[in-house]
Amino acid sequence: DVAPIVFARCAPCHRPGEAAPFALLTYEDVQKRAAQIVRVTEERFMPPWLPDSSVNAFQGDRSLREAEIATFRAWLAAGCPRGEPAALPPAPVFASGWQLGPPDRVVTMSEAYTVPAEGRDVYRNFVIPRPVEAGTRHVRALQFRPDNRAVLHHAILFVDGSGHARAEDRRDPEPGYESMGLGVLRPPNGQFVSWTPGKGAIEYEPGIAWTLDETLDVVLQLHLRPAGRPEPIRVVVGLYFADAPPTRHPLAIRLWSRDIDIPAGQADYVIEEQYTLPVDVSLHGVYPHAHYLGKDLRGWAVLPDGSEQALIHIPSWDFNWQEEYFYAEPLALPKGTVVHARYVYDNTAANPLNPHQPPRRVRYGFQSSDEMAELQLQVLTSEWDRPLLYHDFVQLSYTVDQRYAERALATQPANQALRDDVFKYCLRRRDAEGALRVAGDMLARAPDDPEGLLRLGQAQILAGQAEAAVATLARAIRAKPRGATLGRLHFQLGRAQRELGKLEEAQATLELVVANDPTNFLANAALGEVLARRGETEPARARLEAALARNPEHLQALWNLARLELASDRPERARELCARALEIAADAGGAHYVLGLLAEREGHRADAFRRFELATRFEPDEPAFAEARLRLADADPTR
């Protein structure tokens, strides 16, 4: 009676080489720990499964049923009888090594990293440069194999095509580089790709995969915890490739808060967030996240008809057992659904997981001793709704992060670096009025500062004041700043000249930037665009290729090169470049524009109309899309 439960629910972790500290494979293993097993199963501490299974049905549910717990209890009360030997089911056989057979590609950290004996948790990124040498591969399954599970709390796999992570790695003398935030890193094709203790190979549903090509680095983000002595760790990942590209493309969106400030001694501190879905979605997975003070985590949706749909409820959060959960059946959430998250935190001495004894004030932050509140959702939507959802969510992200920077600035008003952060979020949100205001604040504190003038020039370009921007940037250049600042001023001046239609002047200015710094991918991309607009196709192509050699994820270089390829009668190459751009950012307006031109050429009038509509929606001020606005009327399928 007992053995089948142990073999199915306990042995996957409680066996040699896995995360658990002891084995549960034989009668002797289980009998000597029977009292402990009854206690931890009655408390539902083991097997580790956080969600309330009565609220949602998830794949891979490890929770025990009441009858199974009662079986353990009765067995202990009966003195742990061995039972008939002939009735004992065979012990489980676990695949050693790769559970799905030899991988198509094995990627590994280049060297082990040694976790210090003590101190704070370590969040570190390890870059595996371009594991695919040529072409494109579609990952349908994978398996993480850490060689030291005692110090690894969890691992997340990201991709990076910008080269930024590799540069950060080179700057750090130790293996990898310290970081927990995403920065330029992105989940591959909107997928949750992670490892937690006890997790085996990951196989995706048919039609779902994520892509790797020669432009992408794999980055493993590890959360490591000191174990009392220096411990080396190295993680290997086996990848299994699909024969065909994916037909379904998930997106990862999230609700989260940076407004966390928990007083010492408060047992019921609450964070609530909500997000209104702009399109219909099918919800496939959910990933709740908090740190040690999290107590009760709940996610739910209010549908347009007023009905409620539970998404997840974790009544007793445990930071040590966090993971993502995939629904047994996807949940349909229509446009207008409001997704809610409500997290309760316990910052008292009664919380056994509280890292501070006595308790102390805890705020938002990346360290485990700080706190976070995130509810990440993996959704699928239609091809045409996907860019709308992506754009809406990205703008929300910028808004949340800008508010956080503004609150920090309010407490440190002399901090120009924080003011610059606020300015950058204004640019990303295309908030010209806000950008002008922040740049004005910067100059009010330092009237002749070239950096402040640079920001004002950028804000003026965004606001459509290119002529004023030329004057502002010229004034800054006359002050003779040195180094990188001078190059950035000339780059923005070239942009302003381009906006004014002074293409010859813009070309000369941008050529000056490239002459001083041939590796400047921003200047190469902008120069390539100017040359293309002047009809100099081959020089334009060379500059755009140079930009992409330095940063394969530069969106404007991708779509401008795609447009050149289409004009040169290379439609498949144009389509490939656009697909890459939309993989990086589903709201890349330029890629939608070129795909609209392609659809128009192929006689797909309705698709062309939709692409032109998306292009002008996402980048309404892009001069190159003037003809897209004209083409919208011609391509309108209702005409």
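Residues numbered from 1 in each chain as written. Predicted model: local features only at pLDDT ≥ 70, side-chain atom pairs only at ≥ 80, totals over all residues. Heavy atoms only, no water.

Notes on the sheet that holds strand β18 (residues 308–314)
So, step 1. Across the sheet, which stays open at both edges, the four strands sit in the order β15-β20-β17-β18 with antiparallel pairing between neighbours. Where the open sheet ends on each side, the last strands, each with one partner, are β15 (269–276) and β18. In this sheet, adjacent strand axes meet at a mean angle of 15° when their direction is disregarded. (Pairing = 2+ DSSP bridges. Helix = DSSP H or I, 4+ residues; strand = E, 2+ residues; numbered from the N terminus. Axes fitted to C-alpha atoms, helices over the stretch in contact; angles between N-to-C directions.)

Description of the environment of Arg601
So, step 1. Summarising the element assignment, Arg601 is placed in helix α17 (residues 589–601).
So, step 2. In this structure the C-alpha to C-alpha distance between Arg601 and Leu566, which are 35 residues apart in sequence, comes to 10.0 Å.
So, step 3. The residues contacting Arg601, other than those within four sequence positions of it, are Leu566, Asp569 and Pro571.
So, step 4. Among the polar contacts made by the side chain of Arg601, one reaches the side chain of Asp569 at a distance of 3.3 Å. (Contact = heavy atoms within 4.5 Å. Polar contact = N/O pair within 3.5 Å; in protein donor to acceptor, adjacent residues only side chain to side chain.)

Observations concerning the confidence of the model for the protein
So, step 1. For the protein, the average pLDDT comes to 91, and 96% of its residues sit at 70 or higher.
So, step 2. The least confident element of the protein is helix α19 (residues 626–635), whose mean pLDDT is 62; the most confident is strand β20 (residues 338–345), at 98. (pLDDT = per-residue confidence, 0-100.)

Notes on helix α12 (residues 503–516)
So, step 1. Helix length check: α12 (14 residues) gives 20 Å between terminal C-alpha atoms against 20 Å at 1.5 Å per residue, within 8%.
So, step 2. Those residues of α12 not exposed but buried are Leu503, Ala506, Gln507, Thr509, Leu510, Val513 and Val514.
So, step 3. The secondary structure elements touched by the buried residues of α12 are α11 (484–499), α13 (521–533) and α14 (537–550). (Expected span 1.5 Å × (residues − 1). Buried < 20%, exposed > 50% of the residue type's maximum accessible area, 1.4 Å probe, protein only.)

So, the nonpolar core
Grouped burial of nonpolar side chains is what soluble globular proteins tend to show.
So, step 1. The biggest cluster of nonpolar side chains holds 48 residues, and the ones touching the most others in it are Tyr345 and Leu377.
So, step 2. If we ignore the near neighbours within four places in the chain, the residues touching Leu377 are Phe192, Leu251, Ala252, Ile253, Leu255, Leu283, Gly285, Val286 and Val339.
So, step 3. Counting residues in hydrophobic clusters, the runner-up holds 40 residues, among them Leu527, Leu564, Leu582 and Ala615. (Core = buried A, V, L, I, M, F, W, Y, C linked by side-chain atoms within 4.5 Å.)

Concerning the pairing of strand β22 (residues 373–380)
So, step 1. Counting buried positions along β22 gives eight out of eight residues, so the element sits mostly inside the fold.
So, step 2. Of the two faces of β22, the one lined by Ala373, Leu375, Leu377 and Val379 and the one lined by Glu374, Gln376, Gln378 and Leu380 are each fully buried.
So, step 3. Two strands pair when backbone bridges link them, and strand β13 (residues 251–257) and β22 are joined in this way by seven bridges, in the antiparallel orientation. By the bridge assignment, Leu251 is partnered in β22 with Val379.

Points about the packing of aromatic side chains
So, step 1. Per the counting criterion, the structure on display carries 14 aromatic pairs.
So, step 2. Ring centres of Phe192 and Phe326 lie 6.0 Å apart, and the angle between their planes is 50°; on these two criteria the pair is classed as tilted. Residue Phe192 is located in the loop between β6 (177–178) and β7 (194–195), and its partner Phe326 is located in strand β19 (residues 325–333); the two are separated by 134 residues in the primary sequence.
So, step 3. Overall, Phe326 belongs to the partly exposed group, its relative accessible area being 24%.
So, step 4. In textbook terms, an aromatic cluster arises when at least three aromatic residues are bridged by ring pairs, as seen for Trp49, Phe58, Tyr325 and Tyr327.
So, step 5. The residue whose ring lies beneath Arg15 is Phe94, and the NZ or CZ to ring-centre distance is 4.0 Å.
So, step 6. In this structure, Arg254 is placed above the aromatic ring of Trp256, and the distance from its NZ or CZ to the ring centre is 4.1 Å. (Phe/Tyr/Trp six-rings, centres within 6.5 Å; stacked < 30°, edge-to-face > 60°. Lys NZ or Arg CZ within 6 Å of the ring centre and 35° of its normal.)

Quick word on the sheet that holds strand β3 (residues 122–128)
So, step 1. The strand order across the open sheet formed by five strands is β6-β3-β10-β5-β7, and the pairing between neighbours is antiparallel. Every interior strand has two partners, whereas the edge strands, β6 and β7, have only one.
So, step 2. Strand direction decides the pairing type here: strand β5 (residues 152–160) and strand β10 (residues 217–224), joined by eight bridges, are antiparallel. From the neighbouring strand, Leu152 faces β10, where its bridge partner is Leu224.

Regarding the packing of helix α6 (residues 385–411) against helix α7 (residues 416–428)
Think of two packed helices as two axes; the pair is described by the angle between the axes and how far apart they sit.
So, step 1. At a closest axis distance of 9 Å, the pairing of α6 and α7 adopts a crossing angle of 160°. In terms of axis orientation, α6 runs roughly antiparallel to α7. Classified by chirality, the crossing of α7 by α6 is left-handed. Contacts from Gln395, Tyr398, Asp401, Gln402, Ala405, Glu406, Ala408 and Leu409 in α6 reach Leu418, Arg419, Asp421, Val422, Tyr425, Cys426 and Arg428 in α7.
So, step 2. Looking at the contact of α6 with α7 residue by residue, the class counts come to eight nonpolar, two polar and five charged. (Parallel < 35°, antiparallel > 145°, perpendicular 65-115°, else oblique. Left-handed = near helix turned anticlockwise from the far one by under 90°. Nonpolar A, V, L, I, M, F, W, Y, C, P; charged D, E, K, R; others polar.)

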